[in-house]
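# Commentary on secondary and tertiary structure
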Amino acid sequence: MTASRYDEEFRARVVARLTQLEPQFPSTSAAAESVAREFGVSRDSVRRWATTAGVWQAHNSATLRALQAENASLRARLGQ
C-alpha cells in the first residue's frame, strides 16, 4: 500500500465538512459527492475517511432487513 498524498489535517477538514453539510442533503452519499467536488477528491475517498473517523456508518441489506422486521414488529405491538 502506498502512502496517501493527503495528510491527516486535510482528511479531517474533509470529514468535518461532510459532517457540516450532511443534514442539507437527502443522503450521506449525496453530501459526500458534493464535498468530494469541493475538495477535488473522489467520493470514495470521502467515504473511506469518514468511515475511519466513525462518521459514516456502512449499511448492508441484511442489517436493513433486520431493522425493517423489528420496525414492523414494534408497529404491530402498538396497533399501527
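Okay, so let's go over this structure. For every chain, the first residue of the written sequence is number 1, and numbering continues from 1 along that sequence. Given that the model is predicted, a residue must reach a pLDDT of at least 70 before its local features are reported, and side-chain atom pairs must reach 80 or more before they are shown or counted; all residues, however, enter totals for whole chains, interfaces and linings. Only heavy atoms go into the side-chain values, all of them from the structure, while hydrogens and water stay out.

### Points about helix H2 (residues 28-39)
Labels follow the DSSP assignment, with helices taken as runs of H or I lasting at least four residues and strands as runs of E lasting at least two, numbered in each case from the N terminus. How far a helix is expected to stretch is found by multiplying one less than its residue total by 1.5 Å. Counted at 1.5 Å a residue, the expected span for H2 with its 12 residues is 16 Å, and the 16 Å between its end C-alpha atoms agrees. Between buried and exposed lies partly exposed: a residue is buried under 20% and exposed over 50% of the maximum accessible area for its type, with that area taken using a 1.4 Å probe on protein chains only. Where H2 is concerned, the buried positions are Ala31, Ala32, Ser34, Val35 and Ala36. Check the buried side of H2 and you find it contacts helix H1 (8-21) and helix H3 (43-52). Phi turns positive one or two residues past the end of H2, at glycine 40, with a value near 70°. Note on contacts: a residue pair is in contact if any heavy atoms of the two residues lie within 4.5 Å.

### Overview of H3
Every buried residue of H3 is accounted for by Ser45, Val46, Trp49 and Ala50. Projection of H3 onto a plane perpendicular to its axis shows the buried side chains occupying an angular sector of 125°, all on one side. Where H3 is buried, its residues contact H1 and H2. Glycine 54 occupies a position one or two residues after H3 and carries a positive phi of about 80°. The arc in question is traced by the directions running from the helix axis to the C-beta atoms.

### Observations concerning the side chain of serine 34
Turning to its location among the elements, serine 34 is positioned in helix H2. According to the relative accessible area criterion, serine 34 is buried, its value standing at 17%. Excluding its chain neighbours within four sequence positions, the residues that come into contact with serine 34 are Leu21 and Phe25.

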